[in-house]
Amino acid sequence: MLPEIKNLSDKHLLKQCEKGDDIAFNELFRRYFNKLYQYTLSFTKDSLVAEELVMDVMLNLWLRKGNITVEDSLNPYLFRAMKNTLINYWRKKIIQTTSLHISEEVDVADSRSADHTILTSELDNLYSQHLEALSPQRKKVFELSRHENLTYPEIASRLNLSVRTVEHHMSASLVFLRKKLKPLSDSAIIIIILLY
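Now for a look at the structure at hand.

Rules used throughout
- Residues numbered from 1 in each chain as written.
- Predicted model: local features only at pLDDT ≥ 70, side-chain atom pairs only at ≥ 80, totals over all residues.
- Heavy atoms only, no water.
- Axes fitted to C-alpha atoms, helices over the stretch in contact; angles between N-to-C directions.
- Helix = DSSP H or I, 4+ residues; strand = E, 2+ residues; numbered from the N terminus.
- Parallel < 35°, antiparallel > 145°, perpendicular 65-115°, else oblique.
- Contact = heavy atoms within 4.5 Å.
- Nonpolar A, V, L, I, M, F, W, Y, C, P; charged D, E, K, R; others polar.
- Salt bridge = Lys/Arg side-chain N within 4 Å of Asp/Glu carboxyl O.
- Buried < 20%, exposed > 50% of the residue type's maximum accessible area, 1.4 Å probe, protein only.
- Expected span 1.5 Å × (residues − 1).
- Arc of directions from axis to C-beta.
- Phe/Tyr/Trp six-rings, centres within 6.5 Å; stacked < 30°, edge-to-face > 60°.
- Lys NZ or Arg CZ within 6 Å of the ring centre and 35° of its normal.
- Left-handed = near helix turned anticlockwise from the far one by under 90°.

1. So, the packing of helix α6 (residues 136-146) against helix α8 (residues 163-180)
Here is step 1 of the chain: Viewed as axis vectors pointing N to C, α6 and α8 meet at an angle of 90 degrees, and their least axial separation amounts to 9 Å. Classified by the angle their axes make, α6 and α8 are roughly perpendicular. Residues Gln 137, Arg 138, Val 141, Phe 142, Ser 145 and Arg 146 of α6 pack against Val 166, His 168, His 169, Met 170, Ala 172, Ser 173, Leu 174 and Leu 177 of α8.
Here is step 2 of the chain: In the contact of α6 with α8, the residues fall into seven nonpolar, five polar and two charged.

2. Let's talk about the pattern of salt bridges
Between side chains of opposite charge, a pair can form as their charged atoms come close.
Here is step 1 of the chain: This structure, assessed with the given rule, holds four salt bridges.
Here is step 2 of the chain: Here Glu 27 and Arg 31 are joined by a salt bridge, their closest N and O atoms 2.9 Å apart. With Glu 27 and Arg 31 both in helix α2 (residues 22-44) and four residues apart, the pair spans about one turn of that helix.
Here is step 3 of the chain: On the accessibility criterion, Glu 27 (6% relative accessible area) is buried.
Here is step 4 of the chain: Through salt bridges that share partners, Asp 10, Glu 27, Arg 30 and Arg 31 make up one connected network.

3. A short note on the side chain of Thr 44
Here is step 1 of the chain: Along the polypeptide, Thr 44 turns up in helix α2.
Here is step 2 of the chain: Residues in contact with Thr 44, not counting those within four places in the same chain, are Val 49, Ala 50, Leu 53, Leu 86, Tyr 89 and Trp 90.

4. Thoughts on α8
Here is step 1 of the chain: Spanning 18 residues, α8 covers 26 Å between terminal C-alpha atoms, matching the ideal 26 Å at 1.5 Å per step.
Here is step 2 of the chain: Of all the residues in α8, the buried ones are Val 166, His 169, Met 170, Ser 173, Leu 174 and Leu 177. Down the axis of α8, the buried side of the element spans an arc of 125 degrees, and every buried residue falls inside it. Across α8 from its buried face, at more than 90 degrees, point the exposed residues Arg 164, Val 175 and Lys 179.

5. Some details on the packing of aromatic side chains
How two aromatic rings sit relative to each other is set out by the distance from centre to centre and by the angle between their planes.
Here is step 1 of the chain: Scanning all chains against the criterion turns up six aromatic pairs.
Here is step 2 of the chain: Between Tyr 39 and Phe 43, the aromatic rings sit 5.3 Å apart at their centres with planes inclined by 70 degrees, giving edge-to-face as the arrangement. Placement of both Tyr 39 and Phe 43 in helix α2 is noted, with a separation of four residues, approximately one turn of the helix.
Here is step 3 of the chain: Of the residues examined, Phe 43 reaches a relative accessible area of 16% and is grouped as buried.
Here is step 4 of the chain: Centroid distance Tyr 39 to Phe 79: 5.2 Å. Interplanar angle 80 degrees. Geometry classified as edge-to-face. In this pair, Tyr 39 sits in helix α2 while Phe 79 sits in helix α4 (residues 75-97), placing the two residues 40 residues apart along the sequence.
Here is step 5 of the chain: The buried category is assigned to Tyr 39, whose relative accessible area is 14%.
Here is step 6 of the chain: By the ring-pair criterion, three or more aromatic residues cluster together here, those being Phe 25, Phe 29, Phe 33, Tyr 37 and Trp 62.
Here is step 7 of the chain: Across from the ring centre of Trp 62, 3.8 Å away, lies the NZ or CZ of Lys 65, which sits over that ring.

6. Things to note about unusual backbone geometry
Most peptide bonds adopt trans geometry, and most residues besides glycine take a negative phi value.
Here is step 1 of the chain: The phi dihedral of Lys 45 is positive, around 60 degrees, even though this residue is not glycine.
Here is step 2 of the chain: By the secondary structure assignment, Lys 45 is in the loop between α2 and α3 (47-63).

7. Observations concerning the packing of α2 against α3
Here is step 1 of the chain: As a packed pair, α2 and α3 sit with axes 8 Å apart at the nearest point and diverge in direction by 145 degrees. Judged by the sense of rotation from one axis to the other, the crossing of α2 with α3 is right-handed. Listed contacts from α3 to Asp 22, Phe 25, Leu 28, Phe 29, Phe 33, Leu 36, Tyr 37, Thr 40, Leu 41 and Thr 44 of α2 are Ser 47, Val 49, Ala 50, Glu 51, Leu 53, Val 54, Met 55, Val 57, Met 58, Leu 61 and Trp 62.
Here is step 2 of the chain: Of the residues in the contact of α2 with α3, the class split is 16 nonpolar, three polar and two charged.

Everything listed here is a matter of coordinates, which is why it stays silent on function.
Here is the structure:
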């Protein structure tokens, strides 16, 4: 008899999805939809947009199921995909709110590509500088949350801290980084926080 589906690892469920197993996909959907939705909602502040973006990521998981390799958990893969989806969403939103004359489009497209490369490099340098300014403990907590997508309880367990201490470190780190990055536009801040 097959083990209960809720007890199967993400890796095993993904293998079942490759065979077209809808039940395995439904279990992955159940495991990750709400986590991704809450994460996305914290950036979009719009429940419909958040739901649509998460559905896009989950649909893409189903479509690419044969091309995804995971060690055990899908968590890093899905949150990386969600971050990329959010970045694309904000970029489109920024472009839609920027008015350009049609006659300037070609020249602007060329300069925008160069500007984007410079901006990305500057943002990367600023982010790295300010991240290094955090205390070692605070930096570690921030990196585990933003870079490895661990939950606060997972971080607390790994670093032998209380969840409340982890929450305090994250809150203080975000306040510090937002303050340091305040001279940048809101959209740039959103993109840099999502990128890492």
